[in-house]
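For reference, the chains in residue letters:
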Amino acid sequence: MIKRQIYFSSAIFLLLFSCMSFSGEPKFSEDGRDLSLWYTAPAKYWESEALPLGNGKIGAMVFGGIQREQYTLNEKTLWEGGKGENPDYNFGNKSGGKDQLENIRSLVRDGDYTKAMAEANKHLTGDPLGYGAYQVLGDMFLEFEGQGGVSNYYRGLDLTNGVHTVSYKSRGVNYVRESFISYPDNLMVVRLKADRAGALNFSLNLTSPTQGPSYYEGYFGKKLPAEKQGRKIEVNGFHDLLVLDGILNNNGMKFQTVAKILNLDGEVSVGGEVNSQYLEIADSSEVVIILTAATDYLHQYPDYTGRDYRGDNSKVIQNGVDVGYKALLDNHLADYEGLFDRVDLSLGNSEVAGYPTDVRLHMYQDKADPGLDALIFQYARYLMISSSRAGSLPANLQGIWNNSTNPPWSADYHTNINLQMNYWITGPGNLSECDIPLIEFIDELRKPGRDTAREYYNSGGWATNTMVNPFGFTAPGWMASWGHFPAGAAWLSRHLYTHFMYTQDMDFLANTAYPIIKEAATFWLDYLVEEDGKLVSLTSYSPEHGEFERGAMMDHMIAWDIFSNCIELAKILSSDEEFVAQLVAARDKIAGPFIGQHGQLQEWMRDIDSPLDKHRHVSHLYALHPGRQISPITTPEFADAAKVSLEFRGDGGTGWSRAWKINFWARLGDGDRAYKLMKSFLNPLKKAKMNYGAGGIYHNLFCSHPPFQIDGNFGAAAGIAEMLVQSHMGFINLHPALPSAWAEGSIRGIGAKGGFEVSLDWRDGQIERAEILSKAGKQLNIVYGDTENSISTSAGKVYVFDGALRLVEIK
Ligand code: FUC
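Undergrad: Help me get a handle on the overall build of the chain, residues and values and all.
TA: In terms of regular secondary structure, the chain is built from 17 helices and 33 strands. Over its C-alpha atoms the chain spans a radius of gyration of 27 Å, differing by no more than 12% from the 28 Å that the globule rule assigns to 811 residues. When each of the 811 residues of the chain is scored for burial, the buried share is 64%. Counting only contacts in the chain whose residues sit at least 6 apart along the sequence, the fraction spanning at least 24 positions is 67%. As displayed, the chain has an accessible area near 26,600 Å², and 48% of this comes from carbon and sulfur atoms.

Undergrad: Mind laying out the packing of aromatic side chains, listing which residues take part and the relevant values?
TA: Under the counting rule described, the total for this entry stands at 36 aromatic pairs. Aromatic side chains Trp424 and Trp660 sit 6.1 Å apart centroid to centroid with 50 degrees between the ring planes, which places their arrangement in the tilted category. Note that Trp424 is positioned in the loop between helix 7 (418-422) and helix 8 (436-457) and Trp660 in helix 15 (residues 655-667), a separation of 236 residues in sequence. When its relative accessible area of 0% is taken as the criterion, Trp660 is described as buried. With a centroid separation of 5.3 Å and an interplanar angle of 20 degrees, the aromatic rings of Phe523 and Tyr527 are classed as stacked. Placement of the pair is Phe523 and Tyr527 together in helix 11 (residues 506-527), with a separation of four residues, close to one helical turn. Of the two residues, Phe523 and Tyr527, both sit in the buried class. Aromatic rings pair up to connect Trp79, Tyr131, Tyr134, Phe473, Trp478 and Trp482 into one cluster. Seen from the ring of Phe579, Lys518 lies directly overhead, with NZ or CZ sitting 5.0 Å from the centre.

Undergrad: Can you lay out the sheet that holds strand 27 (residues 745-752) for me, pointing to particular residues and giving the numbers?
TA: The antiparallel open sheet is built from six strands, whose spatial order is 18-27-28-29-32-33. Two strands in the sheet have a free side with no partner beyond their single neighbour: strand 18 (344-346) and strand 33 (807-810). Strand after strand, the sheet turns through a mean of 20 degrees between neighbouring axes, direction not considered. As judged from the three bridges shared by strand 18 and strand 27, these two strands associate in the antiparallel manner. Residue pairing across strands places Ser346 opposite Ser746, the latter belonging to strand 27.

Undergrad: Any details on the nonpolar core? Residues and values, ideally.
TA: Met140, Leu159, Leu204, Ile289 and Trp524 are the most contacted members of the largest nonpolar core, which totals 226 residues. Residue contributions to this core peak at 12 residues, all from helix 12 (residues 553-573). If we skip the residues at most four places from it in the chain, Trp524 touches Pro486, Ala487, Ala490, Ser537, Asp555, Ala559, Ile562 and Phe563. With 17 residues, the next largest nonpolar core counts Val163, Leu187, Leu241 and Val316 among its residues.

Undergrad: Got a sec to walk through helix 14 (residues 636-649)? Specific residues and values, please.
TA: The end-to-end C-alpha distance of helix 14, which contains 14 residues, comes to 20 Å, matching closely the 20 Å that a straight helix rising 1.5 Å per residue would cover. Residues Ala639, Ala641, Ala642, Ser645, Leu646, Phe648 and Arg649 constitute the buried set of helix 14. Axial view of helix 14: buried residues confined to an arc of 165 degrees, hence all on one face. Taken together, the buried residues of helix 14 touch helix 15. Directly after helix 14, the chain includes Gly650, whose backbone phi takes a positive value near 80 degrees.

Undergrad: Describe the sheet that holds strand 31 (residues 787-791), listing the residues and the values that go with them.
TA: Two strands in a sheet stick together by hydrogen bonds in their backbones, pointing the same way (parallel) or opposite ways (antiparallel). Strand order in the open sheet made by the four strands is 25-26-30-31, with mixed pairing throughout. Looking at the sheet topology across the chains shown, the edges are occupied by strand 25 (725-726) and strand 31. The pairing of strand 30 (residues 780-784) with strand 31 spans five bridges and is classified as antiparallel. Each bridged residue has a counterpart across the sheet, and for Asn781 the counterpart in strand 31 is Ser790.

Undergrad: Can you break down the confidence of the model for the chain residue by residue, with the values?
TA: For the chain, mean pLDDT is 92; residues scoring 70 or higher make up 92% of the total. Confidence over residues 1-33 falls short of pLDDT 50; this stretch has 70 contacts with residues more than four positions distant or in other chains. The low-confidence segment residues 228-238 (pLDDT under 50) makes 30 contacts with residues lying over four places distant or belonging to another chain.

Undergrad: Give me the packing of helix 16 (residues 671-681) against helix 17 (residues 711-724): which residues, what numbers.
TA: Orientation of helix 16 relative to helix 17, taken along the N-to-C sense of each, is 160 degrees, at an axis distance of 11 Å. Overall, the two elements helix 16 and helix 17 adopt an arrangement that is roughly antiparallel. Where helix 16 crosses over helix 17, the handedness of that crossing is left-handed. When helix 16 is examined against helix 17, the residues Gly671, Ala674, Tyr675, Met678 and Phe681 are found in contact with a partner set consisting of Gly712, Asn713, Ala716, Ile720 and Met723. Residue composition of the contact of helix 16 with helix 17, grouped by class: seven nonpolar, three polar and no charged.

Undergrad: So what's going on with the site of the ligand? Residues and values would help.
TA: Around the ligand lies a shell formed by Leu397, Trp409, His414, Asn416, Asn418, Glu544, Arg616, His617, Trp656, Tyr692, His705 and Gln709. At 2.9 Å from an oxygen atom of the ligand is found a side-chain nitrogen or oxygen belonging to Arg616. Between the ligand and His705 there is a distance of 2.7 Å, counted from an oxygen atom to a side-chain nitrogen or oxygen. Calculation on the ligand without its partners gives an accessible area of 290 Å², and the protein chains cover 99% of this total. Taken together, the residues of the shell around the ligand sort by class into four nonpolar, six polar and two charged.

How each quantity is defined
- Residues numbered from 1 in each chain as written.
- Predicted model: local features only at pLDDT ≥ 70, side-chain atom pairs only at ≥ 80, totals over all residues.
- Heavy atoms only, no water.
- Helix = DSSP H or I, 4+ residues; strand = E, 2+ residues; numbered from the N terminus.
- Rg over C-alpha atoms; globule rule 2.2 N^0.38 Å.
- Buried < 20%, exposed > 50% of the residue type's maximum accessible area, 1.4 Å probe, protein only.
- Contact = heavy atoms within 4.5 Å.
- Areas by Shrake-Rupley, 256 points an atom, 1.4 Å probe, with all protein chains shown as cover.
- Phe/Tyr/Trp six-rings, centres within 6.5 Å; stacked < 30°, edge-to-face > 60°.
- Lys NZ or Arg CZ within 6 Å of the ring centre and 35° of its normal.
- Pairing = 2+ DSSP bridges.
- Axes fitted to C-alpha atoms, helices over the stretch in contact; angles between N-to-C directions.
- Core = buried A, V, L, I, M, F, W, Y, C linked by side-chain atoms within 4.5 Å.
- Expected span 1.5 Å × (residues − 1).
- Arc of directions from axis to C-beta.
- pLDDT = per-residue confidence, 0-100.
- Parallel < 35°, antiparallel > 145°, perpendicular 65-115°, else oblique.
- Left-handed = near helix turned anticlockwise from the far one by under 90°.
- Nonpolar A, V, L, I, M, F, W, Y, C, P; charged D, E, K, R; others polar.
- Near = heavy atom within 4 Å.
- Polar contact = N/O pair within 3.5 Å; in protein donor to acceptor, adjacent residues only side chain to side chain.

Following this line, the structure appears as structure tokens:
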């Protein structure tokens, strides 16, 4: 209560000051439904404190500084590597692997696992030269004059509109700075305001850690000659464009960042030396900056280059000028809110609502805070909207945000859990459009992936391994002990299946999803080996764990899954009968799953699991989640065995590992246990070094592996959805795993497979009303506890049920 009063005074200040601010006061709601991340001091650390903005193409982390504001910038395609680095780059593929495959298989069959791994290291690994890494674009700095004696400081990110606000009072002047990144106009827009005339005096600078100078340009004209530096320049003639043209030393990738003063009521001039110029803004009370960036990367196999990035930037800036601030904001809000507002989630009141986000995070372990749970869910949806939009690459290990030229794991696309986990939230989060970059990425990977399947595994179809990059790297990694995982492609292809299940888009199914899935299934038809009437993956490796084996169960579960998905989709398309018959026969022969000596679900065909093993990967539970081969309803014994395995693994691990475990427990129908994992996931961390066992969450609510890795944000949000609604078994299961901490609540617009949107209201843990929108007119099968109902639906109608699942209204 005392805390709330302290913050209340700052709320009043902000309320008064909000007449200057389009986004209004930050949401200091008392009911725990606060949809802002907010803090009372500027960020010191990029990773754990700065706040993210993005539109899928451009990203920024905002620090909220007083003397110096920093926007660390990203352009999602700025990557080292590819043919520019290695002219012989062949997507990592080396030849000759397939000739050694039988030998390695024999070694595994003979139990000589060490030698098998050693041989695989020699022959079943990829070429690292040209793999590359995601690069930070640079920073935009604003250096302010005349700041001091600061009070009423606030910085926050409002998830309801995607706007970041910094406000404070300094030497009697109130300052507000609002920033957003618009998808429709591809611009970052920053508006600065002061409530005293002429109080805004600052420099604007662009920097880059890579090769390339910053220089001033007349509006799409030539560089300003040295002798004209420092002169006052005319704003309306657009002589106020700061450009950073760069080129990566590693591969010659070209990029350009452009910042422009869109409006100001003071003066702008140019400062600095030739090729390291900056803009100086003086005597203003309101300034609007626009910024865009692009590279010459083109998402097109085999060269991945050739975009007219400078031409595109010119068009974007010209459009920004033509459109003007008000319409830029309106366009952003229409686009952003159009996606974000589809889902509303309330999980009950929070006593601690009204505290800053970091304070709440530290109280979470001792005090239930359903408002923070809901915030975590909505933040993941915000991060998805900000990091995965049509027209660029999918969200990588860090979404779009990276401040390094050497980021952890290259900030790439790992496909033995991480990239897939990123996209678990799109369906339930009602954001299927955000799948588009992933779908296009998968489609393009298929081309080099066919070579990988043939050259290493002597198989048809397509394969990817542990990780991929934007230049079509599909080969195994360069060390067998982590790099071998040909199931990456089939696992990725599952996302095409789920995209269809949520959208029911038949055109997408026939022309995009099915052909890719069929090829992924073809790989497994070829690669599995028949032994004693059973099909076995040989050689196989449970992600980053154990030996090269005969029958790592994850391979078998992924093969079962891709076969099942392909069969189901072929039936919907009424096509490929012969192929379907082949898949059905093969699926029936896949070995396992097996229950081992401790009652556990076996990770390998050999019964060698250790009850003490805390490894972060829980690959052998794929069949439980994201798969559907195991469930407490259809296969209770296997579900019990999965429980035993989960107990062995414990509740710790990396951030993403904890997030996955929320999903597992939700699928097992144990809401309180899933909620316990939420607590483990929300382990508060200030800053942390690389660690495989100490995952948690930073003050900016970024998931910590550690270090920062975004998969856990998306994975935990998907877990929250799994606790409320599941739809992977051919019916919609309401409250399959509701934790007692969420006894009161409501949801609106959660996506469900079959093309449905689910809305629920509940009290004392009991659903009082369920409204289900049918978007595709499919049969609706719903289950709530022991009650079920099944009705045929018409597209566009809403079906309203009471707590006993009686249909009470059709709207
Ligand atoms: C997987 C995990 C690691 C890390 C990396 C990016 O390989 O085993 O923990 O998340 O991806």
